[in-house]
Amino acid sequence: MKKRVLSGIQPTGSPHIGNYLGALKNWAKIQYDYDSIYCIVDLHAITIYQDPAELRGKILELAGMLLALGIDPKHSSLVVQSSVPEHAELAWMLTCVTPIGWLERMTQYKAKTEEQESISDGLLQYPVLMAADILLYQAHVVPVGDDQTQHLELARDIAQRFNSLYGETFTMPETRLPTHGARIMGLDDPDKKMSKSTTGEGHAISLLDPPDRIRKKLMRATTDSNPAVDLDTMGPGVSNLLSIYQAFTEASDDSIRNDFTGLRYGDLKKRVAEAVVAALEPMQQRYREITADSGYVAKVLAEGAERVTPAARDTVQKVKRAMGLYTP
Ligand code: TYM
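Residues numbered from 1 in each chain as written. Predicted model: local features only at pLDDT ≥ 70, side-chain atom pairs only at ≥ 80, totals over all residues. Heavy atoms only, no water.

Asker: Is there a simple way to explain the nonpolar core in this structure?
Answerer: Where a protein is soluble and globular, its nonpolar side chains tend to be buried together. One finds Ile-17, Leu-66, Leu-218, Ile-244, Leu-268, Val-276 and Leu-280 to be the most contacted residues of the largest nonpolar core, which totals 62 residues. Among the elements that line this core, the one with the most residues is helix α12 (residues 265-292), at 11 residues. When residues of this core are assigned to domains, at least three map to each of domain 1 (4-177 + 294-323) and domain 2 (211-289). Dropping the residues within four chain positions of it, Leu-66 is found in contact with Ile-9, Leu-24, Trp-27, Ile-40, Ile-71 and Leu-78. Met-106, Tyr-126, Val-142 and Ala-312 belong to the second-largest nonpolar core, a separate cluster that totals 42 residues. (Core = buried A, V, L, I, M, F, W, Y, C linked by side-chain atoms within 4.5 Å. Buried < 20%, exposed > 50% of the residue type's maximum accessible area, 1.4 Å probe, protein only. Helix = DSSP H or I, 4+ residues; strand = E, 2+ residues; numbered from the N terminus. Domains from an automatic or database assignment. Contact = heavy atoms within 4.5 Å.)

Written out as structure tokens, the structure is:
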């Protein structure tokens, strides 16, 4: 039997090249070797207020985009988290074995509490729901970007604690980071992670940005005071541009050194822009084709939820029995 992969993405903001290089590219790549489940995590999105009409639109838009970038419904189940209620059900049971201190230590929680005036309880519970997504399907492998590694350690801690309290129930999930592009930084500020929620025209390249916009954003990207590429003294901005190039093209370290050393920053940016445009243009074309058929995306999502439900129910039953909850 194939091992299982699970991962998720929030339907908020505009998905960008950081999401693609950190996670989505890997999703498409490994779906043929694993039994793959990919979730659009709308319950995670509402931990911060979302405009309802906008959220509804973004869920379908994101599903269309995931299909366009190569998630193949014949090989993967594409699922909207809230359409399988067992995610929330398991999350509650896991909440009850998770010490609050573990959650208060999460760096993403701490960062978000600094940005928000009023903090929902959901924001604190966020990583427990994420653990539930993973453990619900007994996933072996979780392909994510670097910013999710702490959440995955927590998911393993929760699984371990549950297993030791109630007996072997959950598979221990393994984090899978990409070789290149695990942490893409903002183009305007290479000390900050590229993020869907950061606004500002020069920050992120959205997967649906037209070629001219991509070029413009890259030409304006922050570099450093060197005149040309020097791999040994480059600052974080130049290093980020090279990471983007390498992650898109899968060029070797040697060829990066040979091709880019001494290149002036204007030319470096042009090279990076052409690599990004070449990768995104076919995806954008497929996105237009997929979304032209209004019923197709909804059909894929309905099939995805139906396909994964038996596994989800099975785990919840197992957990209920293990904990002594009533199972008629
Ligand atoms: P989200 O929606 O923030 O991001 C989706 C994926 O993109 C990766 N990513 C990045 N990778 C490289 N560079 C960046 N700048 C960058 N920004 C984002 C993220 O690491 C992620 O893999 N909590 C998750 C969603 C989630 C999930 C799960 C993931 C919910 N349940 C279960 C895995 C398994 C999140 O907010 O991802």
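Asker: Help me out: how do you make sense of the pattern of salt bridges in this one?
Answerer: A side chain of one charge can pair with a side chain of the opposite charge when the charged atoms of the two come close. One pass over the structure, following the stated rule, counts 17 salt bridges. Its salt-bridge partner being Glu-174, residue Arg-176 comes within 3.4 Å of it at the nearest N-O pair. Judged by its relative accessible area of 25%, Arg-176 falls in the partly exposed class. Note on Glu-174: relative accessible area 39%, which makes it partly exposed. Sharing partners across several salt bridges, the network here consists of Glu-201, Asp-209, Arg-213 and Lys-217. (Salt bridge = Lys/Arg side-chain N within 4 Å of Asp/Glu carboxyl O.)

Asker: Hey, could you run me through the packing of helix α4 (residues 86-95) against helix α7 (residues 121-136) in this one?
Answerer: Any two packed helices are characterised by how steeply their axes cross, that is the angle between the axes, and by the distance between the axes. The contact between α4 and α7 brings their axes to 8 Å, and the two run at 120 degrees. Crossing geometry of α4 relative to α7 is assigned as right-handed. Facing α4, whose interface residues are Glu-86, His-87, Ala-88, Leu-90, Ala-91, Leu-94 and Thr-95, α7 presents Gln-125, Val-128, Leu-129, Ala-131, Ala-132, Asp-133, Leu-135 and Leu-136. Residues of the contact of α4 with α7, tallied by class, amount to 10 nonpolar, 3 polar and 2 charged. (Axes fitted to C-alpha atoms, helices over the stretch in contact; angles between N-to-C directions. Left-handed = near helix turned anticlockwise from the far one by under 90°. Nonpolar A, V, L, I, M, F, W, Y, C, P; charged D, E, K, R; others polar.)

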